[in-house]
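Residues per chain are reported as follows:
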Amino acid sequence: MALHIDILTLFPRMLDGFLAESILGKALDRGLLTVKVHDLRDWTTDKHNTADDRPFGGGAGMVLKPEPVFAAIEQLQRPGCRRIYLTPDGVPFSTQRAESLSHEQHLILLSGHYEGIDQRIRDCVIDEEISIGDYVLTNGTVAAAIVIDALSRFIPGTLGEEKSLTHESFTNKLLDFPQYTRPAEFRGMSVPEVLLSGNHVEIEKWRQARRLEKTRQIRPDLLE
Ligand code: ADE
């Protein structure tokens, strides 16, 4: 069965364009995975659809209330589903995690407020917390989109050529080599000779050398 993902957010329209376009849009059209976006306010019960409140103990900002989140997750969850909260204090996201999540049956992605969510949500109805990087977004909706985009590439059929997965940055812990297309000369800049040579052994050697060089420069930590 295809992976199904439920996204819980206060800003469902942020995802409209993202889900309709490009490789992910095509994968959804073809049913390679299914994604449903839910407005957390649908599970509020007061007439103002209040989903957040001031923090106990004081402090700036608002905190996502437990009631609508518990109600939403309890309604949506199915046996075996993984419930993930997107937060800057979560475990750093990676290609490895994207791949393993692509094998799941059902994910619920909860996008919170940047100020936080009631701790009881994290304690009771969340299995895993993911951060997409050491910076703080205004809310986790874009982070949820990034997780979906990254994992969708590991779902068979999503990418045209399966091969393109193995040949790029991070899959084998090196950054990517430079790519060129026509014209062979543009504004006085020529494409490296070796790429025009047709010698695939030499091309492969050149590419590997460029990958090492770039990784050493930009991400030496990957080589350790
Ligand atoms: N929400 C806000 N910032 C985030 C981040 N860096 N990763 C995941 N979710 C977030």
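Residues numbered from 1 in each chain as written. Predicted model: local features only at pLDDT ≥ 70, side-chain atom pairs only at ≥ 80, totals over all residues. Heavy atoms only, no water.

## Some remarks on a nonpolar patch on the surface
Right, on to step 1. On the surface, a cluster of nonpolar side chains totalling about 500 Å² of accessible area is made up of F11, M14, Y135, L137, V142 and I146.
Right, on to step 2. Its location among the elements puts L137 in the loop between β7 (128-131) and α6 (141-152).
Right, on to step 3. Here L137 falls in the partly exposed class, since its relative accessible area comes to 31%. (Patch = residues over 30% accessible without salt bridge, like charges linked within 9 Å, V, L, I, M, F, W, Y side chains within 5 Å. Areas by Shrake-Rupley, 256 points an atom, 1.4 Å probe, with all protein chains shown as cover. Salt bridge = Lys/Arg side-chain N within 4 Å of Asp/Glu carboxyl O. Helix = DSSP H or I, 4+ residues; strand = E, 2+ residues; numbered from the N terminus. Buried < 20%, exposed > 50% of the residue type's maximum accessible area, 1.4 Å probe, protein only.)

## Concerning the site of the ligand
Right, on to step 1. Within the structure, the ligand sits among L86, T87, P88, I130, S131, I132, G133, Y135, V136, L137, G140 and A143.
Right, on to step 2. One nitrogen or oxygen atom from the main chain of T87 is found 3.1 Å from a nitrogen atom belonging to the ligand.
Right, on to step 3. Here a nitrogen atom of the ligand and a backbone polar atom of I132 are 3.0 Å apart.
Right, on to step 4. Coverage of the ligand by the protein chains reaches 99% of its 260 Å² of free accessible surface. (Near = heavy atom within 4 Å. Polar contact = N/O pair within 3.5 Å; in protein donor to acceptor, adjacent residues only side chain to side chain.)

## Comments concerning the pairing of strand β1 (residues 3-9)
Consecutive side chains along a regular strand alternate between the two faces of the sheet.
Right, on to step 1. The buried fraction of β1 amounts to seven of the seven residues, a majority that puts the element mostly inside the structure.
Right, on to step 2. Residues of β1 alternate between two faces, with L3, I5, I7 and T9 on one and H4, D6 and L8 on the opposite face, all of them buried.
Right, on to step 3. As defined by bridge partners, β1 adjoins strand β2 (residues 33-39) across seven bridges and the pair is classed as parallel. Each bridged residue has a counterpart across the sheet, and for T9 the counterpart in β2 is D39.
Right, on to step 4. As judged from the five bridges shared by β1 and strand β6 (residues 106-111), these two strands associate in the parallel manner. Looking across to β6, one finds that L8 is bridged to L110. (Pairing = 2+ DSSP bridges.)

## Structural notes on the pattern of salt bridges
Right, on to step 1. Counted by the stated rule, this structure contains ten salt bridges.
Right, on to step 2. Close ionic contact of E67 with K65 constitutes a salt bridge, the shortest N to O distance being 3.8 Å.
Right, on to step 3. Overall, E67 belongs to the partly exposed group, its relative accessible area being 48%.
Right, on to step 4. Between K205 and E202 there is a salt bridge, with the nearest N and O atoms lying 3.0 Å from each other. Linking K205 with E202, this pair stays in helix α9 (residues 200-218), spanning three residues, or about one helical turn.
Right, on to step 5. For K205, a relative accessible area of 53% gives the class exposed.
Right, on to step 6. For E202, a relative accessible area of 33% corresponds to the partly exposed category.
Right, on to step 7. Through salt bridges with shared partners, a single ionic network connects R82, R97 and E128.

From the geometry alone we can't say anything about function, so treat these as descriptive.
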